[in-house]
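Letter by letter, the chains look like this.
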Amino acid sequence: MAGAPDGRLSMRVPRHALPDFCHGGELLALAVVALLVAVVMQLAPSADAHLRVWSLSLLFAAWLALLLGVTLCKTRPLLQRLPGAWPWAGAWLLSVLLVLVAASVVWWLDHALGTGLAARNGARFVLGSSAATALVGAALLRYLWVLDDWRERRDALARAQLEALQARIRPHFLFNSLNTALALVSIDPQAAERTLENLSDLFRAALDDPRAGTLGEELDLIERYLAIEQLRLGARLRVTRDWDDLPRDLPLPRLLLQPLVENAIHHGIAACAAGGTLELHGERMDGTLLIRIRNPLPESPARAGTGHGLANVRARIGYHFGARAVLEAGAVDAHWQVTLRLPDARTDRR
């Protein structure tokens, strides 16, 4: 409800886009519903149970479903221009009128040619087909309306959760990076200057749209972050990279891998007195991208983290890639290993 200019309350009808009837799934749904309605009508006590009548009824229903699907597909851009809920009302009215005309033409041709395929009572045949379309069409469109509304609410909730996750990642990441730069100011001013230059790129990436980015940009971001940590840790930080096989043009949310690398350094390398080697590995396997981040575990247990970093990354990949995206983390041979499996969008056409 919203306030009208004259002070009265007015109802605002939410606007939902019509289904894409040009898609095979919607056409199949129309055909299945039409056939089910034809079967139910033939099961009525007053219906003729002859096999020939059954076959003709199913054929007529399938033809009407195809005709409706093609018509709604072609007229959808025009209907979608109507305000409010009128596109849905227009689709329903167009369906009823189309079936009314199509049934009339079929009955007229049948009796003009003398084939005797349609019912003898023309009014009953035409009005019955139109009434069935009106009732079933209204129920189907209402179901699609509710389904679209549910999807919008689900996506809005997911976007809100994603933004909350991103908001939790940014302050933690920026705070740690800024502390690193400040620690270098008194030790090595030139290194601090280079660090601040890298840090500016990190700030830009952190403040940009978290949903827009590529795997290549994320890898470059990690390199800038590693350059900052290399100046802070010196020879204690050693890095091996083996992920040149990864597709750099793969769409990827910003700051998805960087928190994993940051955790590996802060809870692994920096916690070891002698430092250690950070192992970065990536490869493609049967339409799946495998990314592994591995660091040595300190001899004395480090202070346990909150686990927010892994939980956030797991939630974000679930939102962006679906159930096929998996994140595994655990101790393996005195090392902490995080393995990320993502579907390759270029080969996985779901």
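The rules behind these values
- Residues numbered from 1 in each chain as written.
- Predicted model: local features only at pLDDT ≥ 70, side-chain atom pairs only at ≥ 80, totals over all residues.
- Heavy atoms only, no water.
- Helix = DSSP H or I, 4+ residues; strand = E, 2+ residues; numbered from the N terminus.
- Buried < 20%, exposed > 50% of the residue type's maximum accessible area, 1.4 Å probe, protein only.
- Contact = heavy atoms within 4.5 Å.
- Areas by Shrake-Rupley, 256 points an atom, 1.4 Å probe, with all protein chains shown as cover.
- Pairing = 2+ DSSP bridges.
- Axes fitted to C-alpha atoms, helices over the stretch in contact; angles between N-to-C directions.
- Salt bridge = Lys/Arg side-chain N within 4 Å of Asp/Glu carboxyl O.
- Expected span 1.5 Å × (residues − 1).
- Polar contact = N/O pair within 3.5 Å; in protein donor to acceptor, adjacent residues only side chain to side chain.
- Core = buried A, V, L, I, M, F, W, Y, C linked by side-chain atoms within 4.5 Å.

(A) View of the overall build of the protein chain. The number of helices and strands found in the protein chain is eight helices and seven strands. Buried residues in the protein chain amount to 38% of all 350 residues. Contacts spanning at least 24 positions in sequence make up 71% of the contacts within the protein chain whose residues lie at least 6 apart. As displayed, the protein chain offers around 20,000 Å² of accessible surface, 62% of which is attributable to carbon and sulfur atoms.

(B) How the structure looks around the sheet that holds strand β4 (residues 276-285). Reading across from one edge, β3-β4-β5-β7-β6 is the order of the five strands in this open sheet, with mixed pairing throughout. What marks the edges here is a single partner per strand, and that holds for β3 (237-242) and β6 (326-332). Pairwise comparison of adjacent strand axes, ignoring direction, gives a mean angle of 15° for this sheet. Sheet topology note: the β4/strand β5 (residues 288-296) ladder contains seven bridges and is antiparallel. Counterpart to Met 285 in the pairing with β5 is Thr 288. Seen against the sheet, helix α7 (residues 258-269) touches β3, β4, β5, β6 and β7 (335-343) and runs at an angle of roughly 20° to β5.

(C) Representation of the pattern of salt bridges within the structure. Applying the stated criterion across every chain yields a total of five salt bridges. Glu 279 is the salt-bridge partner of Arg 294, the closest N and O atoms lying 3.5 Å from each other. With Arg 294 in strand β5 and Glu 279 in strand β4, this residue pair connects regions lying 15 residues apart in the sequence. By relative accessible area, which is 15% here, Arg 294 ends up buried. With relative accessibility at 29%, the residue Glu 279 sits in the partly exposed group. Between Glu 328 and Arg 341 there is a salt bridge, with its nearest N and O atoms 3.0 Å apart.

(D) Just helix α6 (residues 215-233), in detail. Between the first and last C-alpha of α6 there are 26 Å, a value that for 19 residues agrees with the 27 Å anticipated at 1.5 Å per step. Taken as a whole, α6 has its buried residues at Leu 215, Gly 216, Glu 218, Leu 219, Leu 221, Ile 222, Tyr 225, Leu 226, Ile 228, Glu 229 and Leu 233. Downstream of α6 by a residue or two, Gly 234 has a phi angle that is positive, lying close to 65°.

(E) Representation of the side chain of Glu 218 within the structure. As for its position among the elements, Glu 218 is in helix α6. Excluding anything up to four places from it in sequence, Glu 218 contacts Leu 252, Pro 253, Arg 254, Leu 255, Leu 256, Leu 257 and Gln 258.

(F) Up close: the pairing of β5. Of all nine residues in β5, eight are buried, a share of seventy percent or more. Between β4 and β5, which pair antiparallel in sequence order, lie two residues; one of them, Asp 286, sits at a positive phi of approximately 50°. Relative to β7, β5 runs antiparallel, the two sharing nine bridges. If you follow Asn 295 over to β7, its bridge partner there is Trp 336.

(G) Just α7, in detail. The end-to-end C-alpha distance of α7 is 15 Å, a good match for the 16 Å that 12 residues give at a rise of 1.5 Å each. Within α7, nine of the 12 residues are buried, which leaves the element mostly enclosed by the surrounding structure. For α7, the complete set of buried residues consists of Gln 258, Pro 259, Leu 260, Val 261, Glu 262, Ala 264, Ile 265, Gly 268 and Ile 269.

(H) Representation of the pairing of β6. Pairing analysis gives seven bridges linking β6 to β7, with the strands arranged antiparallel. Bridging across to β7, Val 332 finds its partner in His 335. Between the antiparallel neighbours β6 and β7 lie two residues, among them Asp 333 with a positive phi of about 55°.

(I) Local environment of the environment of Ser 104. Looking at where Ser 104 falls in the secondary structure, it is placed in helix α3 (residues 86-113). For the pair Ser 104 and Val 126, spaced 22 residues apart in sequence, the C-alpha to C-alpha distance is 5.8 Å. At 2.7 Å, the side chain of Ser 104 forms a polar contact with the backbone oxygen of Leu 100.

(J) Geometry of the nonpolar core. By size, the foremost hydrophobic cluster in this structure holds 33 residues, and its most contacted members are Leu 257, Val 261, Leu 278 and Ile 317. If you list the elements that add at least two residues to this core, you get α6, β3, α7, β4, β5, α8 (308-321) and β7. Top element by residues in this core is α6. It accounts for six residues. Ignoring anything within four residues of it in the chain, the contact list for Leu 278 reads Leu 226, Leu 237, Arg 238, Val 239, Thr 240, Val 261, Ala 264, Ile 265, Ile 269, Ile 293, Arg 294 and Asn 295. Core analysis: the second largest hydrophobic core is formed by 14 residues, Phe 21, Leu 72, Leu 141 and Leu 144 among them.

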